[in-house]
Amino acid sequence: EQLQKFEVDYGEASLEDEQSDTVRVMTIHKSKGLEFPIVFVAGTGKKFNVTDLAGQVIIHARLGVGMDVVDLDRRTKIPSLVKKVIQKEAKLDNLGEELRVLYVALTRAKEKLIIRKVNMFLFVKIIKLMKPLIRHWQNIRTVKLLSIN
């Protein structure tokens, strides 16, 4: 309410042309379709967020609802078969999205690409999955991997 009272503009910040001499900090989603001379990719050392797969009830658009099964006599709770299938499918969907986002991040640099906090073992596995990047990287003079290992 207070911001509306002072007529604050909620619009997105305008991006100057790609040739301007500025430093831009942006999400990977905002960088899609753009290229920059030097790109820093941060946060590559963290694990994927899978907390939404750990709930008692999981909903999937195509597969339906998966829940835990409770055995009152034994006083136990285990995931149903449907829930396990939904968890596996959702995990694959999430991994696919993470790889698409990583692909965008790794293909924004024209000259120099710097990747922070790389788990080298995981990174090598991912790069094998993303062979088209190798062709893109032939045009880049420097790829620096700042390892956490």
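Residues numbered from 1 in each chain as written. Predicted model: local features only at pLDDT ≥ 70, side-chain atom pairs only at ≥ 80, totals over all residues. Heavy atoms only, no water.

**Structural notes on the overall build of the protein**
So, point 1. If you tally the helices and strands in the protein, you get 5 helices and 6 strands.
So, point 2. Beginning at the N terminus, the succession of helices and strands in the protein can be written as α-α-β-β-β-β-α-β-α-α-β.
So, point 3. For the protein, the residues scored as buried account for 23% of the 149 residues in total.
So, point 4. For the protein, long-range pairs separated by at least 24 residues make up 64% of all intrachain contacts whose partners lie at least 6 apart in sequence.
So, point 5. As displayed, the protein has an accessible area near 11,900 Å², and 56% of this comes from carbon and sulfur atoms. (Helix = DSSP H or I, 4+ residues; strand = E, 2+ residues; numbered from the N terminus. Buried < 20%, exposed > 50% of the residue type's maximum accessible area, 1.4 Å probe, protein only. Contact = heavy atoms within 4.5 Å. Areas by Shrake-Rupley, 256 points an atom, 1.4 Å probe, with all protein chains shown as cover.)

**Details of a nonpolar patch on the surface**
So, point 1. Where nonpolar side chains cluster on the molecular surface, the patch consists of Val57, Ile59, Val65 and Met67 and spans about 400 Å² of accessible area.
So, point 2. Elements with a minimum of two residues in the nonpolar patch: strand S2 (57-60) and strand S3 (64-71).
So, point 3. The residue Met67 is located in strand S3 in this model.
So, point 4. By relative accessible area, Met67 is classed as partly exposed at 46%. (Patch = residues over 30% accessible without salt bridge, like charges linked within 9 Å, V, L, I, M, F, W, Y side chains within 5 Å. Salt bridge = Lys/Arg side-chain N within 4 Å of Asp/Glu carboxyl O.)

**Topic: the environment of Leu63**
So, point 1. Assignment of secondary structure puts Leu63 in the loop between S2 and S3.
So, point 2. Beyond its immediate chain neighbours, meaning those up to four positions away, Leu63 contacts Val85, Ile86 and Glu89.

**Description of the nonpolar core**
For soluble globular proteins, the rule of thumb is that nonpolar side chains tend to be buried together.
So, point 1. In terms of nonpolar packing, the biggest core is built from 14 residues, with Val39, Val41, Leu106, Leu113, Ile115 and Phe123 touching the most fellow members.
So, point 2. Mapped onto this core, the elements with two or more residues apiece are strand S1 (36-41), helix H3 (81-106), strand S5 (109-118) and helix H4 (120-129). (Core = buried A, V, L, I, M, F, W, Y, C linked by side-chain atoms within 4.5 Å.)

**A closer look at the sheet that holds strand S4 (residues 76-79)**
So, point 1. An order of S2-S3-S4 is seen for the 3 strands of this open sheet, with the pairing classed as antiparallel. If you trace the sheet from one side to the other, it starts and ends with S2 and S4, each paired once. Across the sheet, the mean angle from the axis of one strand to that of its neighbour is 25 degrees, orientation sign disregarded.
So, point 2. Pairing of S3 with S4 involves 4 bridges; the strand directions are antiparallel. Within S4, the residue paired with Val69 across the bridge is Ile78.
So, point 3. With respect to the sheet, H3 is in contact with S2, S3 and S4, its orientation differing from that of S3 by roughly 135 degrees. (Pairing = 2+ DSSP bridges. Axes fitted to C-alpha atoms, helices over the stretch in contact; angles between N-to-C directions.)

**Considerations on the pairing of S3**
So, point 1. Taken together, the 4 bridges between S2 and S3 define a ladder with antiparallel strand orientation. Residue pairing across strands places Val57 opposite Met67, the latter belonging to S3.
So, point 2. As consecutive antiparallel partners, S2 and S3 are separated by 3 residues.
So, point 3. Hairpin connection of S3 to S4: 4 residues between the antiparallel strands, including Arg75 at a positive phi of 55 degrees.

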